[in-house]
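Understanding the architecture of this molecule
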Amino acid sequence: MNKNRVTSYFKLPSLKLTELKSKLEAADKKFPAKLSNMNKAYLFGIEVEVENVTHLMKDVASLNYWKFTTDNSLRDNGCEFCSLPIRANQVEGAIQGLEEFLPKEKQFSNRTSCHVHMNVRDLTISEIYNLIIIYYALEKILFRWVV
């Protein structure tokens with residue numbers, strides 16, 4: 001094991017993903033990865049805040065990649081959907097499944113947001129620096145693109 005990896009450097013315990021894999025098998029069959037050549041080593045977590053989702057409480061068990069939580073900062077029965085840790089090739093299916101689940105009346109306002117977490121435990125310290133520099137170089141472009 002490379003002592004320069006984040007996991008070793010900070011003495012982090014390994015992740016236990018076995019039960020997660022079996023939980024996501026059905027979802028992966030429903031939403032087969034179109035981008036199967038993507039690196040499957042990296043895990044992502046996505047959080048999506050939505051308003052005006054009144055009927056969802058009873059149906060949330062049907063979501064495969066997502067957990068549901070209420071968020072008091074949102075209005076009109078707003079809530080937050082947090083993905084399970086998913087691989088890059090599962091992201092598109094997870095978003096597609098959430099889009100199919102959400103009602104047509106859903107609202108995204110200045111109170112809502114969406115953000116992505118990336119597990120960097122297996123990156124080296126040098127790779128972390130590179131990721132930060134790339135983000136810094138692209139930040140203004142990314143903000144122009146989403147606003």
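Residues numbered from 1 in each chain as written. Predicted model: local features only at pLDDT ≥ 70, side-chain atom pairs only at ≥ 80, totals over all residues. Heavy atoms only, no water.

**Things to note about the overall build of the chain**
Looking only at helices and strands, the chain features four helices and five strands. Helices and strands appear in the chain in the N-to-C order α-α-β-β-β-β-α-β-α. Out of the 147 residues belonging to the chain, those deemed buried represent 31%. Summarising the internal contacts of the chain: among those between residues at least 6 apart in sequence, 77% fall at separations of at least 24. Carbon and sulfur atoms form 57% of the exposed surface of the chain, whose accessible area is close to 10,400 Å². (Helix = DSSP H or I, 4+ residues; strand = E, 2+ residues; numbered from the N terminus. Buried < 20%, exposed > 50% of the residue type's maximum accessible area, 1.4 Å probe, protein only. Contact = heavy atoms within 4.5 Å. Areas by Shrake-Rupley, 256 points an atom, 1.4 Å probe, with all protein chains shown as cover.)

**Examining the environment of L123**
Inspection of the secondary structure puts L123 in the loop between β5 (114–118) and α4 (125–146). Taking relative accessible area as the criterion, L123 reaches 6% and is therefore assigned buried. Along the primary structure L123 and V6 are separated by 117 residues, whereas in three dimensions their C-alpha atoms are 6.0 Å apart. Among all residues touching L123, those that are not within four sequence positions of it are N4, R5, V6, Y42, I128 and L131.

Geometric descriptors of this kind do not, in isolation, establish any biological role.
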